[in-house]
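Summary of the model geometry
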Amino acid sequence: MNKASFFSPAAGRVIDAPRETRARFGIGDVVRHRNHDFRGVIFDIDPVFANSEEWYESIPLNVRPKRDQPYYHLLAENEDSSYVAYVSQQNLMADAEGGPVDHPSLSQIFDDFDDGRYHLRRGLTH
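Quick look at the structure, then. Think of each chain on its own: its residues are numbered from 1, step by step along the sequence as written. Whole-chain, interface and lining totals are the exception, using all residues; otherwise, since this is a predicted model, local features are given only for residues with pLDDT of at least 70 and side-chain atom pairs are given and counted only at 80 or more. To obtain the side-chain values, all non-hydrogen atoms of the structure were used and water was disregarded.

1. Considering the overall build of the protein chain
Put simply, the rule is: Secondary structure counts use DSSP, requiring at least four H or I residues in a row for a helix and at least two E residues in a row for a strand, with both numbered from the N terminus. In this setup the radius of gyration rests on C-alpha atoms only. A globule is expected at 2.2 Å times the number of residues raised to 0.38. Here the term buried applies to any residue with accessible area under 20% of the maximum for its type, exposed to any over 50%, and partly exposed to those in between, with areas from a 1.4 Å probe on protein chains only. Residues are treated as being in contact if the distance between any of their heavy atoms lies within 4.5 Å.
The secondary structure content of the protein chain amounts to two helices and nine strands. For the protein chain, the sequential pattern of α-helices and β-strands runs β-β-β-β-α-β-β-β-α-β-β. Here the C-alpha atoms of the protein chain give a radius of gyration of 15 Å, agreeing with the 14 Å that 2.2 N^0.38 yields for 126 residues. Over its C-alpha atoms, taken along the principal directions, the protein chain stretches across nearly 40 × 35 × 25 Å. Burial status across the protein chain gives 39% buried among its 126 residues. Considering only residue pairs separated by 6 or more positions, the protein chain has 51% of its internal contacts joining residues 24 or more positions apart.

Here it is, written out as C-alpha cells:
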C-alpha cells in the first residue's frame, strides 16, 4: 500500500513510485542546473525517474543520478537555444538570477511571471 503506479509515455511502461515523495521545487519555479549552464521553469514533476532506459544509460556512469528521486520537466534555455530538459532533483538549484525565462512555449502553459515564479494558466490547473 505504500506504492503507487503511473504510466510514463516517455518510458513506454508503468512506473512504480512511493506514495509520498518530497519535491524540493514546484511547478512554475525557475531553477538552474548545478553542472551545466542552463536554467528553466518547471512544468511537470515525476516522483521518480520515468524516462527511457536509453536516455538513462546515455548519462556517463560517474555522473548518472539516482532513479529514486523526483525528476523535473523544464522549459529550458541557455545562451544558444530553448529546449525541454528532464533533470533529477540532485542536479537542480534555485535560480539566483530570479528573472523570467525566455522560452517560446511558456505562454502555452503559464500566464504571469510574478514574485520570481510562473503561474499556471487557469485551464491547466486541477
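2. Considerations on the pairing of strand β5 (residues 71–77)
For a regular strand, side-chain orientation follows a simple rule: the groups alternate between the two sheet faces. Threshold: Each pair of strands is called paired provided DSSP finds at least two bridges between the two strands.
Judged by how many residues are buried, β5 sits mostly within the fold: seven of seven residues are covered. What you see with β5 is no split at all: Tyr-71, His-73, Leu-75 and Glu-77 on one side and Tyr-72, Leu-74 and Ala-76 on the other are buried throughout. Judged from the seven bridges that link them, strand β4 (residues 39–46) and β5 form a sheet pairing that is antiparallel. Counterpart to Arg-39 in the pairing with β5 is Glu-77. Here β5 folds back onto strand β6 (residues 82–88), and the loop between the two strands holds four residues.

3. What about the nonpolar core?
Just so we agree on the cut-off: Throughout, nonpolar core names a set of buried Ala, Val, Leu, Ile, Met, Phe, Trp, Tyr and Cys residues whose side chains join them through atoms within 4.5 Å.
Core analysis: the largest hydrophobic core is formed by 10 residues, namely Phe-25, Val-31, Phe-38, Ile-42, Tyr-72, Leu-74, Ala-76, Ala-85, Val-87 and Leu-92. Only β5 and β6 provide two or more residues apiece to this core. Element by element, the count of residues in this core is highest for β5, at three residues. Filtering out sequence-adjacent residues up to four positions away, Leu-92 remains in contact with Arg-24, Phe-25, Val-31, Arg-32, His-33, Arg-34, Tyr-72, Leu-74 and Val-87.

4. Some points on the pattern of salt bridges
Our working definition: By definition here, a salt bridge exists when the distance from a side-chain nitrogen of Lys or Arg to a carboxyl oxygen of Asp or Glu is within 4 Å.
A complete count under the given rule lists 11 salt bridges for this structure. Two residues, Glu-53 and Arg-13, come together in a salt bridge whose shortest N-O distance is 3.6 Å. Placement of Glu-53 in helix α1 (residues 53–57) and of Arg-13 in strand β2 (residues 13–18) is noted, with a sequence separation of 40 residues between them. The partly exposed category is assigned to Glu-53, whose relative accessible area is 30%. Residue Arg-13 is classed as partly exposed on the basis of its relative accessible area, which comes to 35%. The residue Arg-117 makes a salt bridge to Asp-29 at a minimum N-O spacing of 3.0 Å. Note that Arg-117 is positioned in strand β9 (residues 117–120) and Asp-29 in the loop between β2 and β3 (30–33), a separation of 88 residues in sequence. Of the residues examined, Asp-29 reaches a relative accessible area of 19% and is grouped as buried. One continuous salt-bridge network, built from bridges that share partners, spans Arg-32, Asp-37, Arg-39, Glu-77, Asp-95 and Glu-97.

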